Amino acid sequence: MNPLPEDCWNAWSPDELHARLGHWKSEWYVVGGWALDLWHDHQTRAHEDLEFAVLPAGIEGCRQILSELDFFEVREGRLSHLAANATPAAGLWQLWGADMAAGFWRVDMMVERGTPEVWAYKRDQAIRMPRTVAVRRNKAGIPYLAPANVLLFKAKHRREKDERDFEAALPKLNSREKLDLRLWLEALHPGHEWIARL
């Protein structure tokens with residue numbers, strides 16, 4: 001099966017994803033820009049996709065629940081179909097979910113390498129914290145990654161939307177969140193412009 005064009009996104013909202021995964025017992029949570037908006041409790045900008053994360057052990061269960069979608073492995077910028085009865089390759093980090101009938105990508109599934117008890121940062125697993133601290137829930141019960149953790153991911157590329165997200169988040173971050181993010185940036189991105197502002 002060939003993938004859809006990469007720009008054919010009409011992503012679900014976090015509410016639509018929660019309607020499908022809300023009763024699932026495995027760990028999952030919204031990441032990226034939508035996670036920040038769940039923290040803000042309102043949408044601050046348009047989002048072209050919907051990113052969420054699961055643990056490796058949860059990939060198959062998640063695919064079964066979201067069986068209306070066809071999943072494609074994302075590797076080195078290429079998309080390859082993962083058949084419903086196929087096992088994901090070891091070391092897989094990302095899957096896109098396509099609604100082939102509608103002709104749209106709906107979700108971007110990230111694979112986190114922590115444990116059910118501990119969240120671990122993808123790019124440096126020395127950065128770890130209890131999952132109860134790293135993953136929060138909004139009033140509707142939708143799980144999302146804490147804002148400092150989201151901004152750590154965004155700090156690497158600093159796209160225009162990442163800068164806007166940082167500007168919107170900075171006044172709301174508490175002192176602990178600012179300290180954590182500053183220490184992480186000093187360790188991983190010395191000289192980053194956000195450090196002085198934190």
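Residues numbered from 1 in each chain as written. Predicted model: local features only at pLDDT ≥ 70, side-chain atom pairs only at ≥ 80, totals over all residues. Heavy atoms only, no water.

Considerations on the pairing of strand E2 (residues 51–54)
As a reminder, the rule being used: When accessible area is computed with a 1.4 Å probe and restricted to protein chains, residues below 20% of their type maximum are described as buried, those above 50% as exposed, and intermediate ones as partly exposed. Secondary structure elements follow DSSP: runs of H or I of four or more residues count as helices, runs of E of two or more count as strands, with numbering from the N terminus. Strand pairing requires that DSSP identify at least two bridges connecting the strands.
Alternating positions in E2 separate into two faces, Glu51 and Ala53 on one and Phe52 and Val54 on the other, with burial throughout. Examined bridge by bridge, strand E1 (residues 28–30) and E2 share 3 bridges and lie antiparallel to one another. The residue bridging Val30 from the neighbouring strand is Phe52, located in E2. Relative to strand E6 (residues 104–111), E2 is paired through 4 bridges, and the arrangement is parallel.

Re unusual backbone geometry
Positive phi, normally seen in glycine, also occurs at Glu76, with a value near 50°. Position of Glu76 among the secondary structure elements: in the loop between strand E3 (70–75) and strand E4 (78–82).

Concerning the layout of surface pockets
Note the cut-off: Buried and open spaces are told apart on a 1 Å grid over the protein atoms alone, a cavity being a set of points where a 1.4 Å probe fits but cannot get out and a pocket being an open set with protein on both sides within 12 Å along at least five of seven lines. Residues with an atom within 4 Å of a point are the lining residues. Grid points are joined across faces, edges and corners, and a volume is the space filled by probe spheres set on the points. Here the term charged refers only to Asp, Glu, Lys and Arg, the term nonpolar to Ala, Val, Leu, Ile, Met, Phe, Trp, Tyr, Cys and Pro, and the term polar to all other amino acids, Gly among them.
In this structure, the largest pocket spans a volume of roughly 660 Å³. Glu51, Met110, Arg123, Phe153 and Arg159 are, among the 32 residues lining the largest pocket, the residues nearest its centre. When its residues are assigned to classes, the lining of the largest pocket shows 15 nonpolar, 5 polar and 12 charged. If you add up the space inside the second largest pocket, you get close to 190 Å³. Forming the boundary of the second largest pocket are Gly22, Trp24, Lys25, Ser26, Glu27, Trp28, Arg131, Thr132, Val135, Arg136, Arg137 and Pro143. Secondary-structure elements contributing two or more residues to the lining of the second largest pocket are helix H4 (131–134) and strand E9 (135–137). Ranked by residue count, the leading element in the lining of the second largest pocket is E9, at 3 residues. Classifying every residue of the lining of the second largest pocket by side-chain character gives 4 nonpolar, 3 polar and 5 charged.

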